[in-house]
Structures are given as C-alpha cells and as structure tokens.
Amino acid sequence: MHSSIENLLNDQIKYEAQASMQYLAMASWADANGFSGVANFFYDQSDEERLHMIKLIKFVNERGGTVIIPSLEQPKDSFASLLDLFEKFLGSEIFVTEQINKIIFECLDKKDYNVHNFMQWYVTEQLEEEATARTLLDKLNIIGDDKSGYYLFDRDIETFAAEEENK
Ligand code: FEO
C-alpha cells in the first residue's frame, strides 16, 4: 500500500475513534439531562463509530500495512441545548465525510482500486449518517425552544432514526 494512503487510513482510524468517544460524551450528557431517547441514540452511534474504526484496522492489517492505534483528544462534554448537540453531531459527520473524500481522491491519484473499492462502504455510510443528522436537526429547528416539543423529540428519536435508515 502506498504510504500516503496508509497514513490517511491511519488518520481515519483516529477520526472514527474520536467520533466514537465524542458520541459517548454526547450520550452521557443526554442521559444526565433526562433525555433518555437521545442518550440511547448516541450510545448506538458511538458503537457504530467504533465498528467503523475496527473495520479500518482489520483492513489495513489485511493489506500488510501498519496500524497506529491513536491517542485521542478529550471530547467535548457539555452542550448548551439539544440543538447545540445535534449541530455538533452534523458538524462531526460532515468532517468525517470530507476526510473520506480525501482518501478516495488519493486512491484515484495512486491508482489503488482495492482501497478505493473498500472505501465505498464508508461513502454510503456517510450519506446515511449525514441525512439522519440533517433530519433530526431540521426537527429540532422546527421545535425551537418548546419544552414539550423536546419531550416528544426525545420519545420519538429512535423512530425518526430508523425511518431515515430505511429510506
Ligand atoms: Fe464513521 Fe459517522 O463516521
């Protein structure tokens, strides 16, 4: 594997790990603030990001590359509101998509069609995750500052997220 691709894949391992820990901090914040539906949603998102990370680790090893298990930055653990929480969620997913696009670009540049093919799974996954984040943020923007709206959002979030995945 070309070293530039190996480096980008190792960066991606870090971004997925960082997202997993960030979503764990978000889940914990939601739990502590009485939003149990939102907490479950982020506990699940955290698990998903960990799986994304492990899939990359196994792939780099299979290809004979060297995996570097990264140290991570402290995740953000306090949020002004549910709206703030979901804005940061969308921001994080957009960032990850941009990084995946960089890997795709490098694969084409270096003509590594094997890694390019492997990364298509991440491209599809990012489309779904960004769409889910945008849908949930749209709902929160409609709810605005309405406390009873927050209650219903928290109760229904898992249904919203499941609907988005099945589209
Ligand atoms: Fe695996 Fe949502 O980035």
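Residues numbered from 1 in each chain as written. Predicted model: local features only at pLDDT ≥ 70, side-chain atom pairs only at ≥ 80, totals over all residues. Heavy atoms only, no water.

K.L.:
Lay out the overall build of the protein chain in plain terms, naming residues and giving numbers.
P.N.:
A tally of helices and strands in the protein chain yields five helices and zero strands. Walking the protein chain from its N terminus toward its C terminus, one meets helices and strands in the order α-α-α-α-α. Scaling as 2.2 N^0.38, a compact globule of 167 residues should have a C-alpha radius of gyration of about 15 Å, and the protein chain matches this with 17 Å. With the C-alpha coordinates aligned to their principal axes, the bounding extent of the protein chain is approximately 55 × 30 × 20 Å. Residues classed as buried in the protein chain amount to 46% of the 167 residues present. Long-range contacts, defined here as pairs at least 24 residues apart, represent 78% of the contacts in the protein chain between residues at least 6 apart. Put simply, the protein chain has 15 plus and 31 minus side-chain charges, and the middle of one group is 4 Å from the middle of the other. (Helix = DSSP H or I, 4+ residues; strand = E, 2+ residues; numbered from the N terminus. Rg over C-alpha atoms; globule rule 2.2 N^0.38 Å. Buried < 20%, exposed > 50% of the residue type's maximum accessible area, 1.4 Å probe, protein only. Contact = heavy atoms within 4.5 Å. Lys, Arg positive; Asp, Glu negative; His and termini not counted. Charge placed at Lys NZ, Arg CZ, Asp CG, Glu CD.)

K.L.:
Can you tell me about the packing of helix α1 (residues 3–32) against helix α3 (residues 82–110), naming the residues and giving the values?
P.N.:
Put simply, α1 and α3 touch, their axes get as near as 10 Å, and they point 170° apart. By the angle class used here, α1 and α3 are roughly antiparallel. Here the contact of α1 with α3 is composed, by residue class, of 16 nonpolar, four polar and six charged. (Axes fitted to C-alpha atoms, helices over the stretch in contact; angles between N-to-C directions. Parallel < 35°, antiparallel > 145°, perpendicular 65-115°, else oblique. Nonpolar A, V, L, I, M, F, W, Y, C, P; charged D, E, K, R; others polar.)

K.L.:
Please set out the environment of Ala 17 residue by residue, giving values where relevant.
P.N.:
Relative to the helices and strands, Ala 17 is located in helix α1. Taking C-alpha positions, Ala 17 is 9.2 Å from Leu 51, a pair spaced 34 residues apart along the chain. When neighbours within four sequence positions are excluded, Ala 17 is seen to be in contact with Met 53 and Leu 72.

K.L.:
Can you explain a nonpolar patch on the surface? Please cite residues and give values.
P.N.:
A contiguous nonpolar surface patch, about 220 Å² in accessible area, is contributed by Met 21, Leu 24 and Leu 72. Within the element layout of this structure, Met 21 appears in helix α1. According to the relative accessible area criterion, Met 21 is partly exposed, its value standing at 36%. (Patch = residues over 30% accessible without salt bridge, like charges linked within 9 Å, V, L, I, M, F, W, Y side chains within 5 Å. Areas by Shrake-Rupley, 256 points an atom, 1.4 Å probe, with all protein chains shown as cover. Salt bridge = Lys/Arg side-chain N within 4 Å of Asp/Glu carboxyl O.)

K.L.:
Help me get a handle on the packing of helix α2 (residues 36–62) against helix α4 (residues 113–143), residues and values and all.
P.N.:
Running from N to C, α2 and α4 point in directions that differ by 170°, and their axes come no closer than 12 Å. As judged from the angle between their axes, α2 and α4 are roughly antiparallel. Contacts between α2 and α4 involve Phe 41, Gln 45, Glu 48, Glu 49, His 52, Lys 55, Leu 56 and Phe 59 from the first element and Asn 114, Val 115, Phe 118, Met 119, Trp 121, Tyr 122, Glu 125, Glu 129, Thr 132 and Leu 136 from the second. Classifying every residue of the contact of α2 with α4 by side-chain character gives nine nonpolar, four polar and five charged.

K.L.:
Just give me the short version of the side chain of Glu 130, but keep the residues and values in it.
P.N.:
Mapped onto the fold, Glu 130 is located in helix α4. Glu 130 gets classed as buried once you look at its relative accessible area, which sits at 14%. Here Thr 97 takes part through its side chain, which lies 2.6 Å from a polar atom of the side chain of Glu 130. With residues near it in sequence (within four places) discarded, Glu 130 still touches Leu 90, Glu 93, Ile 94 and Thr 97. (Polar contact = N/O pair within 3.5 Å; in protein donor to acceptor, adjacent residues only side chain to side chain.)

K.L.:
An account of the nonpolar core is requested, with residue identities and associated values reported.
P.N.:
By size, the foremost hydrophobic cluster in this structure holds 25 residues, and its most contacted members are Val 38, Phe 42, Leu 82, Leu 85, Phe 86, Phe 89 and Phe 153. Among the secondary structure elements, those contributing two or more residues to this core are α1, α2, α3, α4 and α5 (147–165). Of all the elements, α1 adds the most residues to this core, at six residues. Excluding anything up to four places from it in sequence, Leu 82 contacts Trp 29, Phe 35, Val 38, Leu 140, Tyr 150 and Phe 153. Ala 17, Phe 59, Ile 100 and Tyr 122 belong to the second largest nonpolar core, which has 19 residues in total. (Core = buried A, V, L, I, M, F, W, Y, C linked by side-chain atoms within 4.5 Å.)

K.L.:
Residues and numbers for the pattern of salt bridges, please.
P.N.:
Taken as a whole and judged by the stated rule, the model has seven salt bridges. A salt bridge links Lys 110 to Glu 106; its shortest N-O distance comes to 2.7 Å. Of this pair, Lys 110 and Glu 106 both sit in helix α3, separated by four residues, roughly a single helical turn. Judged by relative accessible area, which is 29%, Lys 110 ranks as partly exposed. According to the relative accessible area criterion, Glu 106 is buried, its value standing at 14%. Across the salt bridge formed by Lys 110 and Asp 109, the nearest N and O atoms sit 3.2 Å from each other.

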